[in-house]
Amino acid sequence: MRMPLLLDCDTGIDDAFALTYLACRPEVEITGIVSTAGNVPTEAVLGNNLVLAQLLGIDAPVARGARTPLVQELMTAEDTHGPTGLGHARLPAPTRQADDRSGAQLWVDAARTHPGQLVGLVLGPHTNLALALEIEPELPRLLKRLHVMGGAINHRGNTGATSEWNVAVDPEAAQRVLIAFSAAPARPVLAGLNTTEAVRFRQPELDAVRALGDHPVVPILAEALQFYFEFHQADGFGWSAHVHDPLVAAHAVTGRFLETTPLPVDVELTGTLTRGQTVADPLGRWGREPNVDAATSADAPAFIAHLWETLRSGLST
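Computed from a predicted structure; not experimentally measured. (Residues numbered from 1 in each chain as written. Predicted model: local features only at pLDDT ≥ 70, side-chain atom pairs only at ≥ 80, totals over all residues. Heavy atoms only, no water.)

Visitor: Quick question: what am I supposed to make of the pattern of salt bridges here?
Guide: Opposite charge on two side chains allows them to pair when their charged atoms are near. If you walk through the whole model with that rule in mind, you get 13 salt bridges. Among the salt bridges present, the one from Arg64 reaches Glu43, with a minimum N-O distance of 2.6 Å. Residue Arg64 is located in strand 3 (residues 62-64), and its partner Glu43 is located in helix 2 (residues 42-56); the two are separated by 21 residues in the primary sequence. For Glu43, a relative accessible area of 39% gives the class partly exposed. A salt bridge links Arg101 to Asp99; the nearest nitrogen and oxygen atoms lie 2.7 Å apart. (Salt bridge = Lys/Arg side-chain N within 4 Å of Asp/Glu carboxyl O. Helix = DSSP H or I, 4+ residues; strand = E, 2+ residues; numbered from the N terminus. Buried < 20%, exposed > 50% of the residue type's maximum accessible area, 1.4 Å probe, protein only.)

See below:
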């Protein structure tokens, strides 16, 4: 039986790679895509997801998510991902329509349709999952497991000094999700910058993307990644790019490439310098049970080899 999986993302360059990876995995049934405001506003994310879904042959509902975080104003990252979210890529107009349901309702409906089987994958802010919990508080017990790209455990941030983008965009939503999923039968997997930054593409990977073949999604990925390299170079990281999301997607599908350890983790909401930081308590000072399986290391070379094998196979058919 194929793995039913719901993807919640703010597409986004590395989100686009993750979505393409999932579409190329024959054991995965993408049951829905939720478009969350983050890297770019909701409408741009929705457009990206609709076009990618149609090019990749994903026959699943694509929903429009909330336009703003739960509490704070939306911040976006066009400097990192380009004005439309996919760098230099020029996408055709979507030929399919968004689903009539909200992103939150799509979460709930997918979980109720696949109780105990649905894998949730959050690669953007947690806004719509937090809203879904208001509709269906039993959501943590309906999912098979939740996998999240977010946070930075004992690691510098990429938004604030200590905060990671997906959490910093909507810290209240991230905290609500962590609290709610403390009651889940299986702890969520939380992969932060401390592990995902191990996946760093350089010129050989950019060349490998361009060499993937004639599939119409290939030039989109290549032009998006070119922009990502330019941003990282301007930001002082050299001609390269950290490609976070497909690593977490691959772990959700295969159980490989990440090592994890149980930890109590919470989100700082009030710190004047640390709002949005994911704080772990490995020494047990809080007296709380672990609520996540936090990723501690990544096998980046094995993952990158797996990614190319998957994309070459999936995009050639």
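Visitor: So what exactly am I meant to see when it comes to the pairing of strand 5 (residues 145-149) here?
Guide: Regular strands show a simple pattern: their side chains alternate between the two faces of the sheet. In terms of burial, strand 5 is a largely internal element, four of the five residues being buried. In this structure, strand 4 (residues 119-122) lies alongside strand 5, joined through four bridges in parallel fashion. Counterpart to Gly120 in the pairing with strand 5 is Leu146. As judged from the three bridges shared by strand 5 and strand 6 (residues 189-191), these two strands associate in the parallel manner. (Pairing = 2+ DSSP bridges.)

Visitor: How should I be thinking about the packing of aromatic side chains in this particular structure?
Guide: For any pair of aromatic rings, geometry is given as the distance between the ring centres together with the angle between the planes. A complete count under the given rule lists four aromatic pairs for this structure. Consider the rings of Phe201 and Trp308, whose centres lie 5.5 Å apart with planes at 40°: the pair is tilted. Of this pair, Phe201 sits in strand 7 (residues 200-201) while Trp308 sits in helix 13 (residues 300-315), and the two are 107 residues apart along the sequence. For the pair shown, Phe201 and Trp308 are each scored as buried. Cluster of aromatic residues (ring-pair linked, three or more members): Phe17, Phe201 and Trp308. Lying across the ring of Trp286, Arg288 places its NZ or CZ 4.5 Å from the centre. (Phe/Tyr/Trp six-rings, centres within 6.5 Å; stacked < 30°, edge-to-face > 60°. Lys NZ or Arg CZ within 6 Å of the ring centre and 35° of its normal.)

Visitor: Help me understand the packing of helix 10 (residues 203-210) against helix 11 (residues 217-234) in this model?
Guide: Running from amino to carboxyl end, helix 10 crosses helix 11 at an angle of 160°, the nearest separation of the two axes being 8 Å. By the angle between their axes, helix 10 is roughly antiparallel relative to helix 11. In the crossing of helix 10 with helix 11, the sense of the turn from one axis to the other is left-handed. Facing helix 10, whose interface residues are Gln203, Leu206, Val209 and Arg210, helix 11 presents Val218, Leu221, Ala222, Leu225, Gln226 and Phe229. Classifying every residue of the contact of helix 10 with helix 11 by side-chain character gives seven nonpolar, two polar and one charged. (Axes fitted to C-alpha atoms, helices over the stretch in contact; angles between N-to-C directions. Parallel < 35°, antiparallel > 145°, perpendicular 65-115°, else oblique. Left-handed = near helix turned anticlockwise from the far one by under 90°. Contact = heavy atoms within 4.5 Å. Nonpolar A, V, L, I, M, F, W, Y, C, P; charged D, E, K, R; others polar.)

Visitor: Would you mind showing me how to read the environment of Ala44 here?
Guide: By secondary structure assignment, the location of Ala44 is in helix 2. Between the C-alpha atom of Ala44 and that of Gly85, which follows or precedes it by 41 residues, the distance is 7.1 Å.

Visitor: Just checking my understanding: could you explain the nonpolar core for this structure?
Guide: Note that soluble globular proteins tend to have their nonpolar side chains buried in a common cluster. Grouped together as the largest cluster of nonpolar side chains are 67 residues, with contacts concentrated most on Leu22, Leu121, Phe201 and Leu225. Looking at which element gives the most residues to this core, the answer is helix 11, with 10 residues. For Leu22, the contacting residues outside a window of four places in its chain are Leu5, Leu7, Val28, Ile30, Leu121, Ala249 and Val253. The next biggest cluster of nonpolar side chains, apart from the first, holds 35 residues, and it includes Val34, Ala110, Ala184 and Val265. (Core = buried A, V, L, I, M, F, W, Y, C linked by side-chain atoms within 4.5 Å.)

Visitor: Mind showing me how you'd approach unusual backbone geometry here?
Guide: Residues apart from glycine generally show negative phi values, whereas peptide bonds are mostly found in trans. Here the bond from Thr11 into Gly12 is cis, since omega is -5°, no more than 30 degrees from zero. Here Gly12 is to be found in the loop between strand 1 (3-9) and helix 1 (13-23). Residues other than glycine seldom take positive phi values, yet Asn154 does so here, at roughly 50°. Its location among the elements puts Asn154 in the loop between strand 5 and helix 7 (165-169). Of the residues examined, Asn154 reaches a relative accessible area of 72% and is grouped as exposed. Phi angles above zero are rare outside glycine, and Phe257 is one such case at about 80°.

Visitor: Looking at this model, I keep getting lost on the side chain of Thr278. Mind explaining?
Guide: Tracing the sequence through the fold places Thr278 in strand 11 (residues 278-280). Among the polar contacts made by the side chain of Thr278, one reaches the main-chain amide nitrogen of Ala152 at a distance of 2.9 Å. Beyond its immediate sequence surroundings of up to four residues, Thr278 is in contact with Gly151, Ala152, Ile153, Val167, Val265, Asp266 and Val267. (Polar contact = N/O pair within 3.5 Å; in protein donor to acceptor, adjacent residues only side chain to side chain.)

Geometric values such as these leave the question of function open.
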